[in-house]
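Listed below, chain by chain, are the residues.
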Amino acid sequence: MREGHPLARLTTVRTGGAAEWWARAGDERELLELLEWARAEGHAVSVVGSGSNLLVADEGVRGLVLKLDRALGGIERAGDEVIVAGGAVRLPALAAHVARLGLAGVEWGVNIPGTVGGAVRMNANAYGGELARVLEWARVATADGVERRGPEELELAYRSSGLRAGEIVVSAGFRLRRDDEERVRARIAEMRRMRHEAQPQGIRTFGSTFKNPEGDPAAEGRSAGLLLAEAGCNGLEIGGARFAPKHANFIENTGSATTADVVAVMAEGRARVLARFGVALEPEVQTLGPVRFPWSVGESPRAGRDSR
C-alpha cells in the first residue's frame, strides 16, 4: 500500500495527478482483502489496467486505486474451445496466445492495448470483432466476494457495460472456435497492418477520444474521426495537447499536456462538430478522479448548423 502514488506514468497519455492510496493485487485473496479494507475506511475503489483508455484528473484520485497482476494475469485452457484469462491479461497477448492454440475469435484484440478487465467493462470492439460475441462469463469482485456473471447480467452494450464503480473483473471465460493457426496469425498480421496505416504510432495518446455516433442520422454514417476531420480538428492544439494530424479522433500529449489541456481540446473539437453537423459526440475515454467535461452527457444538438 502506498500513499500519494503518481498515476500519470501508468497511463498512455501521461497526464494526471496521484492516487490517495495505491496497491497491487496479485490474486483473489489479496484483492478481496484490499476491497474489504477500502470499504471499512470509506474509500472509493478504482482500477488502472494498461492505462490505454484512461484520463486521470490533474487533482489526483481520492480513495484506493488498484492494479491487478501476477496470478490475475494468467491464461488457461478450460476446454477444447474455452479460454480463461485473468483481468490483468492484455488483449494483444490474449490474441497471440490463442492463435498458437489454433483458436479464433479474438484476433481484433491485437489492436486494443487494454486488459481483459477493461475490455469487459467497455465491451471492447475493433475491426468487426466484439467482446460480447465470445464472452461466456466474467468473475466480478466486490468487498462482498466474487460472483460469476453472464453477458446478460453484465448488460453489455456498444462500448459499455452495467459494471458499477468498485466492481472489478477478476477473470473472464471466452468461447472461441477452432481454426488453422497460420490463418489466425495471418488475420492478426493484417489487422495490425491496417491499424498502423490508419492510426498514429509512437505518440502519447489514450486511443479513440469519442465514440462513433452510431444511430445518429445527422452523422450520415460518418465516424467520429471523420466528423472531427471535416470540422477542421486535425492538428488543433491547446496547451500541450492536440488532435493528431494523422487521425483527428486521437489526442496527443506533445510533451507538457495536462488533463485540463486534453479536456479543452475535446471540448473545442466537440463544439465544432456540434455546430457544423448537429452531432453531439460523447467521450469514449474513461476517467479517474474529478475530470469534468464542459457539457452534459446526452446533451441535445443545438438548433441550427454551421453551413461551412
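What you see is a predicted model, and the numbers here were worked out from it, not measured in a lab.

Criteria and cut-off values
- Residues numbered from 1 in each chain as written.
- Predicted model: local features only at pLDDT ≥ 70, side-chain atom pairs only at ≥ 80, totals over all residues.
- Heavy atoms only, no water.
- Helix = DSSP H or I, 4+ residues; strand = E, 2+ residues; numbered from the N terminus.
- Contact = heavy atoms within 4.5 Å.
- Buried < 20%, exposed > 50% of the residue type's maximum accessible area, 1.4 Å probe, protein only.
- Arc of directions from axis to C-beta.
- Core = buried A, V, L, I, M, F, W, Y, C linked by side-chain atoms within 4.5 Å.
- Pairing = 2+ DSSP bridges.
- pLDDT = per-residue confidence, 0-100.
- Axes fitted to C-alpha atoms, helices over the stretch in contact; angles between N-to-C directions.
- Parallel < 35°, antiparallel > 145°, perpendicular 65-115°, else oblique.
- Nonpolar A, V, L, I, M, F, W, Y, C, P; charged D, E, K, R; others polar.
- Phe/Tyr/Trp six-rings, centres within 6.5 Å; stacked < 30°, edge-to-face > 60°.
- Salt bridge = Lys/Arg side-chain N within 4 Å of Asp/Glu carboxyl O.
- Polar contact = N/O pair within 3.5 Å; in protein donor to acceptor, adjacent residues only side chain to side chain.

Peer 1: Would you mind showing me how to read the environment of Ile-251 here?
Peer 2: Positionally, Ile-251 belongs in strand β18 (residues 250-253). Along the primary structure Ile-251 and Gly-207 are separated by 44 residues, whereas in three dimensions their C-alpha atoms are 7.5 Å apart. If sequence neighbours within four positions are ignored, Ile-251 has contacts with Val-13, Arg-204, Thr-205, Phe-206, Thr-209, Ala-241, Arg-242, Phe-243, Val-262, Val-265 and Met-266.

Peer 1: Would you explain helix α2 (residues 91-100) in this entry?
Peer 2: Because each turn of an α-helix spans 3.6 residues, side chains separated by three or four positions in sequence point in the same direction. Within α2 the residues assigned to the buried category are Leu-91, Pro-92, Leu-94, Ala-95, Val-98 and Ala-99. Projected onto a plane normal to the axis of α2, the buried residues spread over an arc of 160° and lie on a single side. Close packing links the buried residues of α2 with β6 (75-77), β7 (82-86), β8 (103-104), α3 (116-122), β13 (168-175) and α5 (181-198). Immediately beyond the C-terminal end of α2, within one or two residues, lies Gly-102, with a positive phi of roughly 75°.

Peer 1: When you look at the nonpolar core in this model, what are you seeing that I'm missing?
Peer 2: A general trend in soluble globular proteins is that nonpolar side chains are found buried together. Counting residues in each nonpolar core, the largest one holds 34 residues, and the members touching the most others are Leu-94, Trp-108, Val-116, Val-120 and Phe-174. If you list the elements that add at least two residues to this core, you get β7, α2, β8, α3, β11 (135-142), β13 and α5. The biggest single contributor to this core is α2, with five residues. Contact partners of Val-116, with chain neighbours within four places excluded, come to Ala-85, Gly-86, Gly-87, Val-89, Leu-91, Leu-94, Ala-172 and Phe-174.

Peer 1: Would you take a moment to explain the pairing of β13 for this structure?
Peer 2: Consecutive side chains along a regular strand alternate between the two faces of the sheet. Of all eight residues that make up β13, seven are buried, and the element is covered over most of its length. Pairing between β7 and β13: five bridges, direction antiparallel. Looking at β13, one finds that Ile-83 is bridged to Phe-174. Summarising the sheet, β11 and β13 pair through six bridges and their orientation is antiparallel. Within the sheet, the bridge partner assigned to Trp-137 lies in β13 and is Gly-173.

Peer 1: Help me understand the confidence of the model for the protein chain in this model?
Peer 2: Close inspection of predicted coordinates is inappropriate for parts of the model with low pLDDT. Chain-level statistics for the protein chain give a pLDDT mean of 92 and a share of 96% at 70 or above. Predicted confidence for residues 298-308 stays below pLDDT 50, and this span has 19 contacts to residues more than four positions away or in other chains.

Peer 1: Hey, could you run me through the packing of α2 against α5 in this one?
Peer 2: Helix-helix packing is characterised by the crossing angle of the two axes and by the distance between the axes. As a packed pair, α2 and α5 sit with axes 8 Å apart at the nearest point and diverge in direction by 155°. It follows from the interaxial angle that α2 and α5 lie roughly antiparallel. When α2 is examined against α5, the residues Ala-95, Ala-99 and Arg-100 are found in contact with a partner set consisting of Glu-181, Val-184, Arg-185 and Ile-188. Per-class residue counts for the contact of α2 with α5 are four nonpolar, no polar and three charged.

Peer 1: Hey, could you run me through the sheet that holds strand β1 (residues 2-6) in this one?
Peer 2: Read across the open sheet, the four strands follow the order β1-β2-β5-β3; overall the sheet is mixed. In this open sheet, the two strands that pair with only one neighbour each are β1 and β3 (45-47). For this sheet the average axis-to-axis angle between neighbouring strands, irrespective of direction, equals 50°. The sheet contact formed by strand β2 (residues 18-25) and strand β5 (residues 61-68) spans six bridges and is parallel.

Peer 1: Could you clarify how one ought to interpret the packing of aromatic side chains in this entry?
Peer 2: Per the stated rule, a full pass over the model turns up three aromatic pairs. Considering the side-chain rings of Phe-293 and Trp-295, the 5.0 Å spacing of their centres and the 20° angle between planes classify their relative orientation as stacked. Here the aromatic residues Phe-210, Phe-293 and Trp-295 are joined through ring pairs into a cluster of three or more.

Peer 1: Before we go on, may I ask you to explain the pattern of salt bridges in this structure?
Peer 2: Between side chains of opposite charge, pairing is possible as soon as their charged atoms come close. Counted under the stated rule, the structure contains 24 salt bridges. Notably, a salt bridge pairs Glu-220 with Arg-222, separated by 3.4 Å at the nearest N-O pair. Exposure remark for Glu-220: the relative accessible area of 62% places this residue in the exposed category. Each of Arg-24, Glu-30, Asp-69 and Arg-70 takes part in a single network of salt bridges with overlapping partners.

Peer 1: I keep staring at the side chain of Thr-115 and nothing clicks. Help me out?
Peer 2: With respect to the helices, strands and loops of the structure, Thr-115 is situated in the loop between β8 and α3. Of note is the side chain of Thr-115, whose polar atom sits 3.2 Å from the backbone nitrogen of Gly-118. Contact partners of Thr-115, with chain neighbours within four places excluded, come to Gly-49, Ser-50, Gly-87, Ala-88, Val-89, Arg-90 and Leu-91.

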